[in-house]
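Structure at a glance
Here is what each chain is made of, one letter per residue.
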Amino acid sequence: MIDPGFFLEIIPKLLAGLPLTLELAGTSVLLGFGLALVLALAQQGERTYAVLPIRIFVAIFRGTPLLVQIFLIYYGLGQFRPALQSVGLWWLFREPYWCAIIALTLNTGAYGSEILRGAIRNVPRGLSEAALALGLNRFRTMRLVVLPLALRQALPAYSNEIILMVKGTSLASIITLTEVTGIAQELISQTYRAIEVFIAAGAIYLILNFLIVRGLTLLEARLTPYRQR
Amino acid sequence: MLLEAAGVTLLLSVLGFFLGAVFGGLAAAGRLYSSKVPRGLASVYGTVFRGVPDLLSIYLFYYGGSIALTSIARLFGSQGFVGLPTLATGILTIGFISGAYQSEVYRGAYLAIDKGQFDAAKALALTRLQTLRLVIVPQLLRHAIPGLGNVWQLVLKDSALISVIGLVELMRQAQIGAGSTREPFLFYCAAAALYFAIAGLTDLVFNRAEANASRGIAHR
């Protein structure tokens with residue numbers, strides 16, 4: 001029933017989608033991390049005019065499906081084509097590629113900012129008080145004392161978020177990008193062999209996620225040498 | 001029109017979530033079992049459905065199910081492609097995916113129960129079934145509720161993906177509306193607002209359940 005020749009035929013086809021999957025995940029995770037950091041830090045000041053809009057942004061992006069966000073950006077903003085053209089941003093929202101990256105970045109930025117905010121809050125207060133007592137200003141306390149500790153603490157939770165993003169890139173196939181899941185769907189409807197295609201495409205994702213988890217565990221071990229036995 | 005579709009989303013999510021509780025409970029029991037076969041099966045199930053994009057799992061169930069059904073129909077002399085009923089497929093798929101997540105929640109909750117509880121139940125001469133029903137499950141649920149709340153939020157958002165197999169739930173209805181009125185921004189904003197409202201309201205339910213399950217427990 002299971003035919004090895006068929007796997008040899010579909011695996012290269014599926015792997016052709018891997019660079020796009022990696023590109024979407026890599027770009028949005030990096031940009032999203034930058035956004036998350038900015039949002040988390042901006043909330044440290046506790047000024048309502050900065051905190052409130054961020055809380056609303058985070059709540060919206062965490063409370064609605066990623067697919068709705070992608071559609072809203074790709075199809076929804078397409079409705080404002082003349083306006084976007086006049087401000088010279090139409091090239092960005094015309095391309096499904098950039099729309100997917102924008103949606104994924106905003107989404108992971110919202111989730112990531114909550115992870116980082118929690119990690120910053122969990123840094124013991126005594127440490128930042130000690131830094132202030134040493135005469136460091138607030139900015140340097142954050143940069144030299146609080147952030148290094150917080151980022152290290154946040155790593156396990158953040159690796160979950162990265163895995164979610166890798167899985168999230170599959171939604172880009174719905175707006176016509178042919179990454180791994182998009183190719184898998186085409187192959188299934190051409191060959192009618194859903195189980196084999198699922199196994200092959202699923203294996204690609206599982207191996208990819210395994211490598212990411214492994215890499216981040218190694219990074220965590222490097223950053224916390226005192227915890228090693 | 002969108003409200004009616006939101007009802008379908010809610011139905012799909014709730015039934016999928018409860019089906020997932022059955023799969024998740026079985027898988028958690030398998031993981032905690034002493035013999036190797038159920039442990040291996042349950043852990044493969046959990047790893048695969050948590051590690052693979054949910055969209056891919058949806059394609060597996062939809063196309064896989066339809067292909068199986070078509071070949072069965074062939075045996076009875078039917079021609080052509082037989083599609084699966086989309087609501088049933090959606091519930092089954094969500095049940096399978098959320099079951100993988102729920103199994104982790106139940107396993108963690110079981111392991112969080114104090115070992116002394118089992119000894120105490122034995123000392124009271126409760127049978128295994130009585131121990132499970134009267135002692136373990138109530139405490140397990142208390143530990144599991146926060147985790148289940150997270151899985152529920154995930155299920156609700158995943159239900160939007162079921163739109164790709166053509167079930168007219170909230171997301172699909174918004175697409176239809178956007179297509180016929182050429183007002184995609186309006187429709188997707190409305191859909192987002194409805195998802196947001198459902199997520200917020202159901203979150204309150206879980207908070208109430210959590211407070212109810214942990215009454216009489218000292219808070220730190």
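**Some details on the overall build of chain A**
Looking only at helices and strands, one finds eleven helices and zero strands in chain A. Structurally, chain A occupies a C-alpha span of about 70 × 60 × 25 Å along its principal axes. Taken over 229 residues, chain A has a buried fraction of 36%. Counted over contacts in chain A with a minimum sequence separation of 6, partners at least 24 positions apart contribute 79%.

**Overview of the overall build of chain B**
In terms of helices and strands, chain B carries eight helices and zero strands. Seen through its C-alpha atoms, chain B measures out along the principal axes to roughly 65 × 45 × 25 Å. Residues counted as buried form 38% of the 220 residues belonging to chain B. Within chain B, contacts between residues at least 6 apart in sequence are counted, and of these 76% link residues at least 24 apart.

**Concerning the nonpolar core**
Core analysis: the biggest nonpolar cluster contains 109 residues, and Leu67, Val68, Ile70, Ala184 and Ala201 of chain A together with Tyr59 and Ala191 of chain B have the highest contact counts within it. Among the elements that line this core, the one with the most residues is helix α7 (residues 96-121) of chain A, at eleven residues. Ignoring anything within four residues of it in the chain, the contact list for Leu67 of chain A reads Leu171 and Ile174 of chain A together with Ala160, Leu161 and Met171 of chain B.

**Comments concerning the interface of chain A and chain B**
Taken together, the contact pairs 31 residues of chain A with 29 residues of chain B. Counting only elements with at least two residues in the side of chain A that touches chain B, the list comes to α3 (48-63), α4 (66-76), α10 (180-191) and α11 (194-223) of chain A. A total of eight residues in the side of chain A that touches chain B trace back to one element, the largest contributor, which is α11 of chain A. Across the side of chain A that touches chain B, the residue classes tally to 20 nonpolar, ten polar and one charged.

**Points about the packing of helix α7 (residues 170-181) of chain B against helix α8 (residues 184-213) of chain B**
Two quantities define a packed helix pair, namely the angle between the helix axes and the distance between the axes. Residue and element names in this part refer to chain B. Two elements in contact, α7 and α8, have axes whose closest approach is 8 Å; the angle formed by their N-to-C orientations is 160 degrees. By the angle class used here, α7 and α8 are roughly antiparallel. For the element pair α7 and α8, the recorded crossing hand is right-handed. Facing α7, whose interface residues are Leu170, Met171, Ala174, Gly177 and Ala178, α8 presents Pro184, Phe187, Tyr188, Ala190, Ala191, Leu194 and Tyr195. Here the residues of the contact of α7 with α8 sort into eleven nonpolar, one polar and no charged.

**Regarding the confidence of the model for chain A**
For chain A, the mean per-residue pLDDT works out to 91, and 98% of the residues sit at or above 70. When mean pLDDT is taken per element in chain A, helix α2 (residues 18-42) of chain A scores highest with 96 and helix α6 (residues 90-94) of chain A scores lowest with 85.

**Regarding helix α9 (residues 138-168) of chain A**
When the terminal C-alpha atoms of α9 of chain A are compared, their 37 Å separation across 31 residues is substantially less than the 45 Å that a helix rising 1.5 Å per residue should span. Taking the largest bend as the criterion, α9 of chain A deviates by roughly 55 degrees, centred on Leu155 of chain A, and proline Pro156 of chain A comes between one and four positions later. Residues of α9 of chain A that are buried: Val146, Ala150, Ala154, Tyr158, Glu161, Ile162, Ile163, Met165, Val166, Lys167 and Gly168 of chain A. On its buried face, α9 of chain A sits against α2, α4, α7, α8 (125-133) and α11 of chain A together with α3 (54-75) of chain B.

**Section: the packing of helix α1 (residues 4-15) of chain A against α11 of chain A**
Residue and element names in this part refer to chain A. In the contact formed by α1 and α11, the axes pass within 10 Å of each other and the chain directions differ by 45 degrees. By the angle between their directions, the pair α1 and α11 is classed as oblique. With respect to the hand of their crossing, α1 and α11 are arranged in right-handed fashion. Contacts between α1 and α11 pair Phe6, Phe7, Ile10, Ile11, Leu14 and Leu15 from the former with Glu196, Val197, Ala200, Ala201 and Ile204 from the latter. Grouping the constituent residues of the contact of α1 with α11 by class yields ten nonpolar, no polar and one charged.

**Section: the environment of Asn107 of chain A**
With respect to the element layout, Asn107 of chain A can be found in helix α7. A C-alpha to C-alpha distance of 9.6 Å links Asn107 of chain A and Ile70 of chain A, two positions 37 residues apart in sequence.

**Regarding the confidence of the model for chain B**
In this model, chain B carries an average pLDDT of 90, and 96% of its residues clear a pLDDT of 70 or more. Complex prediction metrics read pTM 0.89 and ipTM 0.88.

**Observations regarding unusual backbone geometry**
Residue and element names in this part refer to chain A. The phi dihedral of Thr176 falls on the positive side, at around 75 degrees, and the residue is not glycine. For Thr176, the position within the fold is in the loop between α9 and α10. Overall, the presence of 11 C-beta atoms within 10 Å leaves Thr176 in the exposed class. Of note in this structure, Tyr192 is not a glycine but carries a positive phi near 60 degrees. Here Tyr192 shows up in the loop between α10 and α11. The class for Tyr192 is partly exposed, based on 15 C-beta atoms found within 10 Å.

**Quick word on α11 of chain A**
Its 30 residues place the ends of α11 of chain A 43 Å apart at the C-alpha level, agreeing with the 44 Å of an ideal helix rising 1.5 Å per residue. All of the buried residues along α11 of chain A are Ala194, Val197, Phe198, Ala200, Ala201, Gly202, Ile204 and Tyr205 of chain A. Check the buried side of α11 of chain A and you find it contacts α1, α2, α9 and α10 of chain A together with α2 (36-51) and α3 of chain B.

What counts and how
- Residue positions within a chain follow its written sequence, with the count starting from 1.
- By the order in which they are written, chains take letters starting at A while ligands take numbers starting at 1.
- In keeping with the model being predicted, local features are shown solely for residues with a pLDDT of at least 70 and side-chain atom pairs are shown and tallied solely at 80 or more, while totals for entire chains, interfaces and linings include all residues.
- Note on conventions: DSSP H or I runs of at least 4 residues are helices, E runs of at least 2 residues are strands, and numbering of each starts at the N terminus.
- Neighbour counting defines burial: a residue surrounded by 20 or more other C-beta atoms within 10 Å of its own C-beta is buried, one with 12 or fewer is exposed, and intermediate counts give partly exposed, using backbone-placed C-beta atoms.
- Remark: residues whose backbone-derived C-beta atoms lie within 7 Å of one another are considered to be in contact.
- Here, a nonpolar core means buried Ala, Val, Leu, Ile, Met, Phe, Trp, Tyr and Cys residues linked by C-beta atoms lying within 7 Å of one another.
- Residues are sorted three ways: Asp, Glu, Lys and Arg are charged, Ala, Val, Leu, Ile, Met, Phe, Trp, Tyr, Cys and Pro are nonpolar, and all the rest, Gly among them, are polar.
- Whenever a helix is involved, its axis is fitted only over the stretch in contact; in every case the axis is a line through C-alpha atoms, and angles between N-to-C directions fall within 0 to 180 degrees.
- Here the angle decides the label: under 35 degrees means roughly parallel, over 145 means roughly antiparallel, 65 to 115 means roughly perpendicular, and every other value means oblique.
- For any pair of crossing helices, the crossing counts as left-handed if the nearer helix is rotated counterclockwise from the farther one by less than a right angle, and right-handed if it is rotated clockwise.
- Scored from 0 to 100, pLDDT reflects the predictor's confidence in each residue.
- A helix is expected to reach a length of 1.5 Å times the quantity of its residues less one.
- Two axes enter the bend calculation: one fitted to the seven residues ending at the residue in question, the other to the seven starting there, and the bend is the angle between them.

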